[in-house]
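The residues making up each chain are set out below.
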Amino acid sequence: MGAGHAHKLYRHGHSPVHGLPPHTKLAAVFAFVVVVVSTPREAMWAFGLYAVLLVAVAYVARVPAGFLLRRLLIEVPFVAFAVLMPFVAEGERVDVLGVSLSVNGLWGAWNVLAKGTLGVAASVLLAATTELRELLLGLQRLRLPPLLVQIASFMIRYGDVITDEMRRMRIARESRGFEAKGVRHWGVLAKSAGALFIRSYERGERVHLAMVSRGYAGSMPVIDEVTASRAQWTYALALPCAALVVCLLGWTL
Amino acid sequence: MHVPDGFINAPTSAATGVIAAGAVAVSLRGARREQGGTSLLERSRELGGERTAPLAGLVAAFIFAVQMLNFPVAAGTSGHLLGGALAAILVGPYTGVLCVSVVLLMQGILFADGGLTALGVNITNMAIVTTVVAYALFRGLVKVLPRTRRSVTVASFVAALVSVPAAALAFTLMYAIGGTTDVSIGKVATAMVGVHVLIGIGEAAITALTVGSVIAVRPDLVYGARGLTQKLKLRVNGELVDAPQAEPEPAPVAARTSHRKVWAAGLVASLVLAGFVSFYASADPDGLEKVAADHGIDKKAEDHAVADSPLADYGVKDVDDARLSGGLAGVIGVGVTVVAGSAVFWAVRRRRSDDTSPSNTTDSTDSTSATSTTSV
Amino acid sequence: MTDVTPSLDVAGLAFAYPDGHQALFGVDFRVARGERVALLGPNGAGKTTLVLHLNGILTGGTGTVKVAGLPVGRQHMAEIRRRVGIVFQDPDDQLFMPTVREDVAFGPAAAGLKGPELEQRVDRALERVGMAEFKDRPPHHLSFGQRRRVAVATVLAMEPEILVLDEPSSNLDPASRRELADILRSLDVTVLMVTHDLPYALELCPRSLILSEGVIAADGPTGELLSDEALMRAHRLELPFGFDPRSVTMSA
């Protein structure tokens, strides 16, 4: 029900990657992406090696290629943009099949595609192997301000509830013969959005009451604390470390 | 306009990350004050309940949901809210920054929507710039316009309208510093701003309608109009004994003392914005690139990441010069009208409030709000 | 009933909201330990306002509320909130944590419980409502009836002196309604149940209070109150069509 995608992102499994503590995975993915972004775009082979690294992780995590590829579709809008770049960029131009293209633009397009795709793939792997709740625990462990973690956790808990309310309001509108076709109908849609805000805010107040009733005084009690052994850290950081070696080679070669 | 990894180089991403972290830290403090208590259970706060987390969490969930609500434009195309301006007006700027930041964070981690290294860029543009610009403008306008619900709607419209191109400009600035590649800054700026003026019009209409519908039912929930509704309430039920007691709540008082500052910030922001735009319009586009080069930030010539992803998000094709200048002219028009209008009405209002009660300046103010909307 | 401290002792409670609307006009009643009492009343009678006074969320009026002898007031707030468990009407408001287990653990953890002791407390509370196998599920994947049972567990985990339920039978299908009734009957805590559902009150609570216009208008055995047609009509309470409280035999 509701925004089903919130849990479709996760693929249940018991692979070594699934089993790693969430904060080590978050740290590893973040470090990996930083390394990728810092790699010179001329070192094309380096990006190939990064892709190989990610494929290896996907293999260990038993995330099927089809799943990964489908989730990569999210980057389609900016692929479309990247395709434009050779046409609009300045500088030296080359003729390819009779079309004049900017050399810099081609490099730029390659740069964006390669780095963007690797970034998306890494995030997809993270989301596919880590449960929502674990991600929150991981963020908490990585010393994200507790209030921010609480906000995120409430957002995730009530995202479905509110999307579901929105869906019911749409059904109610449509049952009475209303169908939004154009700008003329924005007023009605905005009224729904306004009503949704009021409901959300009032629910926030009620949730607060329920929390206070159970002894909440401003900070969440720590119920679960995730910990990682040295071995687990080593295992998780193998990915960014390998990437760093590739990156350094890319700069020197 | 979620920026993916690789558009902005590493040093600039890191720098925006620091900016974003700082702003979020400030907001974490500010939000506690904002969510002190608005409705019937004001006393729960003194009993040790911290309301920020559940309220901001629910509002974040709301923003997240409402971004999925499609507003059909015409023939199969549709738009949706970005929500920065809406959040700022409904729950206050600090909570707004937090909510949108959390939404962006979760979108980045869960949906790979927006790169992890670009998180700083995305939060700075979409959570901080939109919210701050929108709220400053909104407060400025509410202060200047007559105290009616319609003014709140008009102010929301203008605030949301300007906030989106403002974020686009902020992105352009980051691109100028750390984007590099040979798409000229001028092109990026004009294309970004042009497109985002269009998006801004949609955002403005939806935001204004939504704020209008909330204020019609629960005016006490619209943070940005809190001082206003309380004044109104007093006048309507003057006979209520408890009404004056409810007035000196800590939150509104704090808001009142900072009114002037907020309002001044609004004017400065719109001035800066308008100035920025006209600078781009008039100056030789290569000039800015030189500025970026002089700063020495883009000396890593190898690391030419390329730029305007936001365009891609909204499927905009190569924009020729005529359209660019058209879009630009629009922004300048809006900016200048807002600034001029605000200045005039501030002057008018001040004079009137000196000799009469501040309630009736209706006719003149209405005409400005009209100009500011028609110039769009 | 008189020699032991009552679980709940409300005396002269009056309260007005900041906007001037007065909701309670001097409420007096006592609930002895282990009793199950229904609080009946039409919409707007002040039932919710009264409930929010029981654990000190609303204060500032006149009169006193004592929970097991402890006055509700700022100095004992944490202890009061542990002793009074309120189950709110919408379980989605009550279940705010990502998983059932964490939600049930919230209250005891806020009171300082940790580790295996906490774990044990959670398991026991979930077993009492028959939801032990749903421990690691997110609450929004449960049915409405299951969510309400978990909501009861979140409060039971705090081992309260008195369990306060706001409209426990609302939105439940007949089977979930009966399951919840069985659970409530099996608990050995004091129960105060706020409800419109008169047959449910009769089924579960030997004694009832009628709150009307901010005061306790009647206090007596549930069967007798429900059979008093004049009283019922005076306070806008109506039995379902064809339901005769005299024909029902009570099992207390």
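These numbers were taken from a predicted model, which means no experiment stands behind them. (Residues numbered from 1 in each chain as written. Chains lettered and ligands numbered in written order. Predicted model: local features only at pLDDT ≥ 70, side-chain atom pairs only at ≥ 80, totals over all residues.)

Visitor: Give a description of the overall build of chain A that names residues and reports values.
Guide: Of the regular secondary structure elements, chain A holds eleven helices and two strands. Helices and strands in chain A line up, N terminus first, as α-α-α-α-α-α-β-β-α-α-α-α-α. On C-alpha atoms alone, chain A measures out to a radius of gyration of 23 Å, which is more than a quarter above the 18 Å that the 2.2 N^0.38 rule sets for 253 residues. Looking at chain A residue by residue over its 253 residues, the buried ones come to 50%. (Helix = DSSP H or I, 4+ residues; strand = E, 2+ residues; numbered from the N terminus. Rg over C-alpha atoms; globule rule 2.2 N^0.38 Å. Buried ≥ 20, exposed ≤ 12 C-beta atoms within 10 Å, placed from the backbone.)

Visitor: How would you explain the overall build of chain C if you had to name every residue and give the values?
Guide: In terms of helices and strands, chain C carries ten helices and ten strands. Against the compact-globule benchmark of 18 Å for 252 residues, chain C has a radius of gyration of 18 Å, which places it among compact chains. With the principal axes as the frame, chain C shows a C-alpha extent of 55 × 45 × 40 Å. Expressed as a percentage of its 252 residues, the buried residues of chain C come to 48%.

Visitor: Help me get a handle on the domain arrangement of chain A, residues and values and all.
Guide: Often, the extent of an interface is quoted as the loss of accessible area on bringing the components together. Segmenting chain A into domains produces domain 1 (5-138 + 227-252) and domain 2 (145-213). Using C-alpha coordinates to define each centre, domain 1 of chain A is positioned 34 Å away from domain 2 of chain A. (Domains from an automatic or database assignment.)

Visitor: Account for the interface of chain B and chain A, naming residues and giving values.
Guide: Counting residues at the interface gives 72 residues for chain B, matched by 79 residues for chain A. Taken together, the elements giving at least two residues each to the side of chain B that touches chain A come down to α1 (10-34), α2 (52-66), β1 (71-74), α4 (93-111), α7 (185-217) and α12 (309-313) of chain B. If one sorts the elements of the side of chain B that touches chain A by residue count, α2 of chain B sits on top with 14 residues. The residue inventory of the side of chain B that touches chain A, partitioned by class, reads 45 nonpolar, 16 polar and eleven charged. (Contact = placed C-beta atoms within 7 Å. Nonpolar A, V, L, I, M, F, W, Y, C, P; charged D, E, K, R; others polar.)

Visitor: So what about the pairing of strand β1 (residues 8-16) of chain C? Which residues, and what values?
Guide: Residue and element names in this part refer to chain C. Both β1 and strand β2 (residues 22-31) contribute to a ladder of seven bridges, which runs antiparallel. Note that in β2 the partner of valine 10 across the bridge is phenylalanine 29. Turn length for the β1-β2 hairpin, with the two strands adjacent in sequence and antiparallel, is five residues, and the turn residue glycine 20 shows positive phi of about 100°. Alignment of β1 against strand β4 (residues 62-67), held across five bridges, turns out to be antiparallel. The partner of leucine 8 across the bridge, within β4, is valine 67. (Pairing = 2+ DSSP bridges.)

Visitor: How would you explain helix α7 (residues 174-186) of chain C if you had to name every residue and give the values?
Guide: Residue and element names in this part refer to chain C. In this model α7 runs 18 Å from its N-terminal to its C-terminal C-alpha over 13 residues, within 8% of the 18 Å that 1.5 Å per residue would give. Those residues of α7 not exposed but buried are Arg177, Leu180 and Leu184. Viewed end-on, α7 has its buried residues packed into an arc of 65°, placing them on one side of the element. Along α7, exposed side chains directed more than 90 degrees from the buried face belong to Ala175, Asp182 and Ser186. Where α7 is buried, its residues meet α6 (144-156), β8 (190-195) and α8 (198-204). (Expected span 1.5 Å × (residues − 1). Arc of directions from axis to C-beta.)

Visitor: Could you give an account of the sheet that holds strand β10 (residues 215-221) of chain C, with specific residues and numbers?
Guide: Residue and element names in this part refer to chain C. Taken together, six strands build an open sheet; the order of strands is β6-β7-β8-β3-β9-β10 and the sheet is mixed. At either end of the open sheet lies a strand with only one pairing partner, and these are β6 (84-87) and β10. Neighbouring strand axes in the sheet, compared pairwise and without regard to direction, differ in orientation by 20° on average. Where strand β3 (residues 36-40) meets strand β9 (residues 207-212), four bridges bridge the pair, whose relative direction is parallel. Counted as the bridge partner of leucine 39 is leucine 209 from β9. With respect to the sheet, α6 is in contact with β6 and β7 (162-166), its orientation differing from that of β6 by roughly 165°. (Axes fitted to C-alpha atoms, helices over the stretch in contact; angles between N-to-C directions.)

Visitor: Give me the lowdown on the pairing of β9 of chain C, citing residues and values where you can.
Guide: Residue and element names in this part refer to chain C. Of all the six residues making up β9, five are buried; the element is thus mostly covered by neighbouring parts of the structure. Of the pairings in the sheet, the one linking β9 to β10 comprises six bridges and is antiparallel in character. From the neighbouring strand, leucine 209 faces β10, where its bridge partner is aspartate 219.

Visitor: Now, about the UniProt feature "transmembrane region" (unreviewed entry) in chain A: what can you tell me, with residues and values included?
Guide: Residue and element names in this part refer to chain A. Taking the numbering used here, the UniProt-annotated feature "transmembrane region" (unreviewed entry) corresponds to residues 43-60, 72-89, 109-130 and 233-251. Each end of residues 109-130 is marked by a C-alpha atom, and these two atoms are 31 Å apart; helix forms 95% of the span and strand 0%. Here residues 233-251 runs as 100% helix and 0% strand, with 27 Å between its end C-alpha atoms. (UniProt positions renumbered as here; feature names shortened; annotations may be inferred.)

Visitor: Lay out helix α11 (residues 230-252) of chain A with the relevant residues and their values.
Guide: Residue and element names in this part refer to chain A. Helix length check: α11 (23 residues) gives 31 Å between terminal C-alpha atoms against 33 Å at 1.5 Å per residue, within 8%. The sharpest bend along α11 measures roughly 45° and falls at alanine 238, with the proline proline 240 sitting one to four residues further on. Every buried residue of α11 is accounted for by Ala236, Leu239, Pro240, Ala243, Val246, Cys247 and Gly250. (Bend = angle between axes of the 7 residues up to and from the residue.)

Visitor: I'd like to hear about the interface of chain A and chain C, residue by residue, with values.
Guide: At the interface, 22 residues of chain A touch 25 residues of chain C. Secondary structure elements with two or more residues in the side of chain A that touches chain C: α8 (132-141), α9 (146-175) and α10 (186-213) of chain A. Sort the elements by how many residues they give to the side of chain A that touches chain C and α10 of chain A lands first, with eight residues.

Visitor: Now, about the confidence of the model for chain A: what can you tell me, with residues and values included?
Guide: For chain A, per-residue confidence averages 85 on the pLDDT scale, and residues scoring 70 or more make up 97% of the total. In this model, residues 1-6 of chain A is a region of pLDDT below 50 whose contacts with residues beyond four sequence positions or in other chains number ten contacts. (pLDDT = per-residue confidence, 0-100.)

Visitor: With reference to specific residues and values, describe the UniProt feature "domain: ABC transporter" (unreviewed entry) in chain C.
Guide: UniProt feature "domain: ABC transporter" (unreviewed entry): in the numbering of this structure it lies at residues 8-238 of chain C. Secondary structure content for residues 8-238 of chain C is 39% helix and 26% strand, and the end C-alpha separation is 28 Å.

Visitor: Outline unusual backbone geometry, listing residues and values.
Guide: Most peptide bonds take the trans form, and the phi angle of most residues other than glycine is negative. All names here are of chain C. The phi torsion at glutamate 213 lies on the positive side, around 50°, for a residue other than glycine. By the secondary structure assignment, glutamate 213 is in the loop between β9 and β10. Under the C-beta neighbour-count criterion, glutamate 213 is labelled partly exposed, with 14 such atoms within 10 Å. Phi is positive for arginine 236, close to 55°, though the residue is something other than glycine. With respect to the element layout, arginine 236 can be found in the segment after α10 (229-234).

Visitor: Please provide a residue-by-residue account of the packing of helix α3 (residues 22-37) of chain A against α8 of chain A, values included.
Guide: Residue and element names in this part refer to chain A. For the pair α3 and α8, the least separation of the axes is 7 Å and the interaxial angle reads 75°. Of the possible angle classes, the one that applies to α3 and α8 is roughly perpendicular. Two secondary-structure elements touch here, α3 through Pro22, His23, Lys25 and Leu26 and α8 through Glu134, Leu135, Leu137, Gly138, Leu139 and Arg141. Grouping the constituent residues of the contact of α3 with α8 by class yields five nonpolar, two polar and three charged. (Parallel < 35°, antiparallel > 145°, perpendicular 65-115°, else oblique.)

Visitor: Explain the confidence of the model for chain C to me, and be specific about the residues and the numbers.
Guide: Residue and element names in this part refer to chain C. Summarising the model, chain C shows a mean pLDDT of 89, and 97% of its residues fall at 70 or more. Per-element mean pLDDT across chain C ranges from 87 in helix α2 (residues 77-83) up to 95 in β3. Confidence estimates for the predicted assembly give a pTM of 0.76 and an ipTM of 0.89.

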